[in-house]
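Residues per chain are reported as follows:
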Amino acid sequence: MNVAVIGTGYVGLVTGTCFAETGNHVICVDNDPAKLEKLNQADLTIYEPGLELLFYRNIAKKRLSFTDDLNTAVLSSEIIFLCLPTPQGEDGSADLRYVFAAAKEIAAILKKNESRIYKILVNKSTVPVGTSSAVKSILSKEGITYVDVVSNPEFLREGFALEDFMRPDRIVVGSESKVAIEKMKALYEPFVRQGNPIIEMDPASAELTKYASNAYLAMRITYMNEMASLCEKVGANVDLVRIGMGTDNRIGKRFLFAGIGYGGSCFPKDVNALIRTSIEMGSEMKILTTVDKLNKERKLLLVDRVMQHFDNNVKGKQLTVWGLAFKPNTDDMREAPSVVILNRLLELGAKVVAYDPVAMKNAGFYFKGSVQYADDEYAALKGSDALLVVTEWNEFRNPDFNLLKSNLKEPVVFDGRNIFEPEKMKELGFTYYSIGRKPIIAKMAQGL
Ligand SMILES: NC(=O)c1ccc[n+]([C@@H]2O[C@H](COP(=O)([O-])OP(=O)(O)OC[C@H]3O[C@@H](n4cnc5c(N)ncnc54)[C@H](O)[C@@H]3O)[C@@H](O)[C@H]2O)c1
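First things first, this report covers the structure right here in the doc. Worth saying up front: this structure is predicted, and the values here are computed from it rather than measured. (Residues numbered from 1 in each chain as written. Predicted model: local features only at pLDDT ≥ 70, side-chain atom pairs only at ≥ 80, totals over all residues. Heavy atoms only, no water.)

### Observations concerning the sheet that holds strand S14 (residues 431-433)
Read across the open sheet, the 6 strands follow the order S11-S10-S9-S12-S13-S14; overall the sheet is parallel. Among the strands making up the open sheet, the edge pair consists of strand S11 (372-373) and S14. Where strand S9 (residues 318-322) meets strand S12 (residues 386-389), 4 bridges bridge the pair, whose relative direction is parallel. The residue of S12 that forms the bridge with Val-321 is Leu-388. Packing against the sheet, helix H13 (residues 301-309) makes contact with S9, S12, strand S13 (412-415) and S14, and its axis sits at approximately 155 degrees to S13. Running at roughly 155 degrees to strand S10 (residues 351-355), helix H14 (residues 337-347) makes contact with S9, S10 and S12 of the sheet. (Pairing = 2+ DSSP bridges. Helix = DSSP H or I, 4+ residues; strand = E, 2+ residues; numbered from the N terminus. Contact = heavy atoms within 4.5 Å. Axes fitted to C-alpha atoms, helices over the stretch in contact; angles between N-to-C directions.)

### As for the environment of Asn-398
Inspection of the secondary structure assignment puts Asn-398 in the loop between S12 and helix H16 (401-407). Residue classification places Asn-398 among the exposed residues on the basis of a relative accessible area of 63%. (Buried < 20%, exposed > 50% of the residue type's maximum accessible area, 1.4 Å probe, protein only.)

### Remarks on the pattern of salt bridges
One side chain can pair with another of opposite charge once the charged atoms of both are near each other. Applying the stated criterion across every chain yields a total of 26 salt bridges. Two residues, Glu-158 and Arg-334, come together in a salt bridge whose shortest N-O distance is 3.7 Å. Here the residue Glu-158 occupies a position in the loop between strand S6 (147-151) and helix H7 (161-166), and Arg-334 occupies one in the loop between S9 and H14, the gap between them amounting to 176 residues. By relative accessible area, which is 9% here, Glu-158 ends up buried. Through salt bridges with shared partners, a single ionic network connects Lys-178, Glu-182, Lys-185 and Glu-200. (Salt bridge = Lys/Arg side-chain N within 4 Å of Asp/Glu carboxyl O.)

### Topic: the site of the ligand
Around the ligand, the surrounding shell holds 26 residues, and the nearest of these are Asp-30, Lys-35, Thr-86, Glu-158 and Lys-269. Tyr-10 is positioned with one of its backbone polar atoms (N or O) 3.1 Å from an oxygen atom of the ligand. Between Thr-86 and the ligand, the recorded distance is 2.6 Å, taken from a side-chain N or O atom to an oxygen atom. The protein chains hide 89% of the 840 Å² of surface that the ligand would expose on its own. Classifying every residue of the shell around the ligand by side-chain character gives 10 nonpolar, 8 polar and 8 charged. (Near = heavy atom within 4 Å. Polar contact = N/O pair within 3.5 Å; in protein donor to acceptor, adjacent residues only side chain to side chain. Areas by Shrake-Rupley, 256 points an atom, 1.4 Å probe, with all protein chains shown as cover. Nonpolar A, V, L, I, M, F, W, Y, C, P; charged D, E, K, R; others polar.)

### Remarks on the packing of aromatic side chains
Taken as a whole and assessed by the stated rule, the structure comprises 19 aromatic pairs. Counting every residue linked through ring pairs, the aromatic cluster contains Phe-19, Phe-81, Phe-165, Tyr-188 and Phe-191. Above the plane of the ring of Phe-155 lies Arg-170, whose end atom (NZ or CZ) is 3.6 Å from the centre. (Phe/Tyr/Trp six-rings, centres within 6.5 Å; stacked < 30°, edge-to-face > 60°. Lys NZ or Arg CZ within 6 Å of the ring centre and 35° of its normal.)

### Thoughts on helix H12 (residues 286-298)
Over its 13 residues, H12 runs 18 Å from end to end, which matches the ideal 18 Å to within 8%, given 1.5 Å per residue. What H12 keeps buried is the set Leu-288, Val-291, Asp-292, Leu-294, Asn-295 and Arg-298. Taken together, the buried residues of H12 touch helix H9 (203-234), helix H11 (267-280) and H13. (Expected span 1.5 Å × (residues − 1).)

### Concerning unusual backbone geometry
Peptide bonds are, in most cases, trans, and in most cases residues other than glycine have a negative phi. Here Asp-311, not a glycine, exhibits a phi torsion of approximately 50 degrees, which is positive. Mapped onto the secondary structure, Asp-311 falls in the loop between H13 and S9. Judged by its relative accessible area of 69%, Asp-311 falls in the exposed class. Even without being glycine, Asn-329 reaches a positive phi, approximately 65 degrees. Mapped onto the fold, Asn-329 is located in the loop between S9 and H14.

### Quick look at the side chain of Asn-24
The topology assignment puts Asn-24 in the loop between helix H1 (10-21) and strand S2 (25-29). In terms of polar contacts, Asn-24 uses its side chain to reach the backbone amide nitrogen of Met-1, at 3.1 Å. Reaching out from Asn-24, the side chain makes a polar contact with the backbone oxygen of Phe-19 at a distance of 2.8 Å. Setting aside its immediate chain neighbours within four residues, Asn-24 contacts Met-1, Val-3, Phe-19, Arg-63 and Leu-187.

### Focus: the state of the cysteines
As enumerated under the stated definition, the model contains 0 disulfides in all. Looking at Cys-18, it has no disulfide partner, and the nearest cysteine sulfur is the one in Cys-28, 11 Å off. (Disulfide = S-S within 2.5 Å.)

### Considering the packing of H1 against helix H3 (residues 51-60)
A pair of packed helices is characterised by two quantities: the angle between their axes and the separation of those axes. Taken N-terminus to C-terminus, the directions of H1 and H3 make an angle of 60 degrees; their axes are 9 Å apart at the nearest point. Judged by the angle between their axes, H1 and H3 are oblique. For the element pair H1 and H3, the recorded crossing hand is left-handed. Across the interface between the two elements, Leu-13, Val-14, Thr-17, Ala-20 and Glu-21 of H1 pack against Leu-51, Leu-54, Phe-55, Arg-57 and Asn-58 of H3. Taken together, the residues that form the contact of H1 with H3 break down as 6 nonpolar, 2 polar and 2 charged. (Parallel < 35°, antiparallel > 145°, perpendicular 65-115°, else oblique. Left-handed = near helix turned anticlockwise from the far one by under 90°.)

The following block contains the structure:
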């Protein structure tokens with residue numbers, strides 16, 4: 001099939017590449033000239049494990065191309081995917097200006113063209129209930145009645161995007177049109193050969209399914225964060241509680257890790273958009289209002305611990321931060337806890353040295369003060385008063401603890417992701433703070 005993907009960011013680039021990999025001809029459109037220049041030189045614009053190989057292969061096979069020419073992309077494609085940003089608006093709702101602007105441009109292109117060939121316009125962006133029908137109205141106002149609109153929310157996780165796209169748990173397709181649903185099934189057939197379902201539904205249900213899923217996952221994380229705080233009070237270990245809970249099939253093991261708050265380009269804005277929809281519809285989901293509030297507070301937890309440790313004064317202290325990305329295996333820093341933590345530490349007068357395996361190139365945009373960046377995780381520690389573990393990259397999990405200790409001025413670690421074992425840290429003589437487990441103060445560890 002000939003496919004167009006409008007918006008070549010984290011979702012669009014993965015979507016376009018994966019559809020090309022299954023033999024389709026894909027034109028990716030973007031309006032960011034700098035991004036297009038890189039992509040047209042076969043230079044990847046995002047970090048996503050496994051993407052490189054498929055990206056190069058499909059460019060070489062001429063199945064994947066990049067352009068700013070929406071006209072050609074629309075007219076030559078049977079299926080047009082919108083993978084555009086839907087950022088949080090001022091009132092918390094999803095800002096649909098990019099989606100509607102693209103729909104209007106597409107309507108204008110089709111109006112000028114006489115051919116009236118059947119097409120499908122697919123919304124892959126995360127959008128509130130009613131967006132499909134609003135897009136349909138934009139088209140029909142211009143007399144375009146031969147284009148079907150489909151809601152096909154995307155569930156991929158950054159860091160596992162290839163795996164998720166190539167072998168999705170399920171694909172949700174929402175449309176009033178049987179023809180469109182059959183075409184979508186044909187396009188997705190190579191990805192569901194193991195029998196995972198393509199779930200057909202009405203557009204409103206498809207749109208809501210995406211928000212319902214993300215908000216539920218955000219709620220699970222927040223629940224475990226609350227549980228961790230209780231564990232600290234009662235002397236329990238949240239990691240053991242997590243395993244005890246997660247082995248119950250009704251609960252499941254995933255998304256039960258306590259930490260320093262969820263971030264990323266999806267959960268925070270999607271929780272807020274769902275809250276907004278629920279309020280507008282007179283059915284406020286108060287549980288989510290609480291989740292959002294708690295998560296914002298949670299991002300400052302490590303700062304509170306640091307302040308407590310340093311008697312409320314970090315002026316002149318040098319603090320090392322391991323990890324800036326909102327989670328491992330991505331360079332995405334949107335809404336990352338690191339942004340809140342580092343900006344607060346800088347405000348409080350600390351000097352911050354950071355290291356992240358891939359996100360440092362994006363970091364400058366997010367910090368209000370000056371952060372020093374190190375070439376590797378050990379160099380980042382030199383002369384620091386403490387280490388803060390903010391993102392749980394695998395390469396941080398089993399460090400050379402002797403080097404870690406000798407590079408730090410004081411052996412103090414604030415672990416926001418529970419990547420180290422308290423017992424081991426005790427043996428090594430660290431003052432070690434983690435999440436939902438008793439803190440270890442070095443003096444106690446040495447029996448003093
Ligand atoms: N990132 C994720 O993990 C993820 C997962 C599932 C769903 N989503 C949803 O998918 C959508 C896209 O997210 P993303 O993370 O890929 O965003 P992104 O910001 O990485 O990418 C969006 C792209 O659209 C381009 N763009 C903006 N306006 C354009 C226009 N008029 N014409 C052409 N290109 C235009 C931008 O330049 C950018 O490259 C959002 O609704 C998001 O909520 C994201």
